[in-house]
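# Structural overview for review
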Amino acid sequence: MILCDRLTKVYNGIPAVDDLCLEIPAGEVFGLLGPNGAGKSTTILMLVGLIRPTSGACSIGGIEVAAHPIEVKRKIGYMPEDVGFYADRTAAENLDYAARFYGLSEAERKRRVGDLLALVGLDGVGTTVGGYSKGMRQRLGLARALVNDPEVVILDEPTANLDPRGVLDYRRIVRDLAGRGTTVLVSSHILSEVSKVCTSVGILARGRLIASGDREVLSRAAMQDRVTIDVETGTPMPRFASPEILSAEFSQDACSARIVAESDISTLIAKTLYAEGILLRRLAVEKPDMEDILLSYYTEGTA
Ligand code: ADP
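Residues numbered from 1 in each chain as written. Predicted model: local features only at pLDDT ≥ 70, side-chain atom pairs only at ≥ 80, totals over all residues.

Here we take up the domain arrangement of the protein chain. How large an interface is tends to be reported as the accessible area lost when its parts come together. For the protein chain, the assigned domains read domain 1 (2-223) and domain 2 (226-287). Between domain 1 and domain 2, the C-alpha centre-to-centre distance is 37 Å. (Domains from an automatic or database assignment.)

In the vicinity of the ligand, the contacting residues are Tyr11, Ala16, Gly34, Asn36, Gly37, Ala38, Gly39, Lys40, Ser41 and Thr42. By residue number, the principal contributor to the shell around the ligand is helix H1 (residues 40-47), which donates three residues. Across the shell around the ligand, the residue classes tally to three nonpolar, six polar and one charged. (Near = placed C-beta within 6 Å. Helix = DSSP H or I, 4+ residues; strand = E, 2+ residues; numbered from the N terminus. Nonpolar A, V, L, I, M, F, W, Y, C, P; charged D, E, K, R; others polar.)

On the basis of which strands lie adjacent, the open sheet formed by four strands has the order E2-E1-E4-E5 and antiparallel pairing. Of all the strands in the sheet, just strand E2 (14-24) and strand E5 (63-64) have a single pairing partner and so form its edges. Of the pairings in the sheet, the one linking strand E4 (residues 55-60) to E5 comprises two bridges and is antiparallel in character. Following the sheet pairing, isoleucine 60 is matched in E5 by isoleucine 63. The strands touched by H1 within the sheet are strand E1 (2-11), E2 and E4, with E1 carrying the most contacts at an inclination of about 120 degrees. (Pairing = 2+ DSSP bridges. Contact = placed C-beta atoms within 7 Å. Axes fitted to C-alpha atoms, helices over the stretch in contact; angles between N-to-C directions.)

Another point: unusual backbone geometry. Not every positive phi belongs to a glycine, and aspartate 19 is a case in point at roughly 60 degrees. Position of aspartate 19 among the secondary structure elements: in strand E2. On the basis of neighbour counts, which here come to 15 C-beta atoms within 10 Å, the residue aspartate 19 falls in the partly exposed class. Positive phi, normally seen in glycine, also occurs at aspartate 149, with a value near 50 degrees. (Buried ≥ 20, exposed ≤ 12 C-beta atoms within 10 Å, placed from the backbone.)

With that settled, the discussion passes to the sheet that holds strand E8 (residues 183-188). Read from one edge of the open sheet, six strands run E6-E7-E8-E3-E9-E10, paired in mixed fashion. The open sheet is flanked by strand E6 (76-79) and strand E10 (208-213), the only strands paired with a single partner. Each adjacent strand pair in this sheet contributes to an overall mean axis angle of 15 degrees, direction not counted. In this structure, strand E9 (residues 200-205) lies alongside E10, joined through five bridges in antiparallel fashion.

Looking at the element boundaries, lysine 73 is found in helix H2 (residues 69-75). C-beta crowding within 10 Å serves as the criterion here: with 19 such atoms nearby, lysine 73 is assigned to the partly exposed category. A C-alpha to C-alpha distance of 9.7 Å links lysine 73 and leucine 47, two positions 26 residues apart in sequence.

This is the structure we're talking about:
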């Protein structure tokens, strides 16, 4: 459904995307993962036909993007990293405006806009977009990407500005789309986020695909993304309650603990201790660096 064949983009003699080969079947939720500057946005811009490859090609549903950009745009929904809207119009007006490009009748547009606003949790918001939070804009961006009921949805860093509730809504929407056979490509630099929603993943570093595969690659990556937190207190500490905690080892006097979690929950720990009046002596967070994780793949891949 989404195909990249030796896709390459060179800027000032330096490849931003380097000989990228990808094949993403229909109905897949594919995560394009990599640190900032890895080439994720550049790949996406070529996939949606906004920039032309230096060499190689990409196609969506069998149609080559660079040769037939208009045809491809009809098939896809795209949410850029920074979504632009008319600030002096409401969410519904912005969506209606976007829907006009796809030749929908007024009645169809009205129904579609209403459904999409409900889907992303913006129904009933009558104010203009200028006053929206970043999270609300991102919700609206997702709605706009779906306005033409696309076969393929491409989302650049979709959770960057969302609050936890927004992230849950986003995941529900993506799973629902995949359940209906829509192909979804999301880019992210956050391993744990990709592992929550994607069925397969490609890891990009310095423009090159260094690993790709299904849940196995993901779970290995997620495992290396774990955060270790060492805590020392003046008096015994309580057990911490968080679904993010994977394991917790306490010393016999419960004045020191080593906690392994899916993400950095040091603030929660500090708040809990403060609320219980327990003196915090040390709180050290050990977080693996995304580059280190990627490097381990790279080393293995080239060994
Ligand atoms: P990501 O989305 O993974 O953060 P990008 O695709 O934005 O990465 O960037 C990949 C590389 O290409 C970076 O080194 C970036 O500086 C470079 N790059 C991206 N766009 C341009 C451009 N328009 N002109 C020159 N260099 C660019």
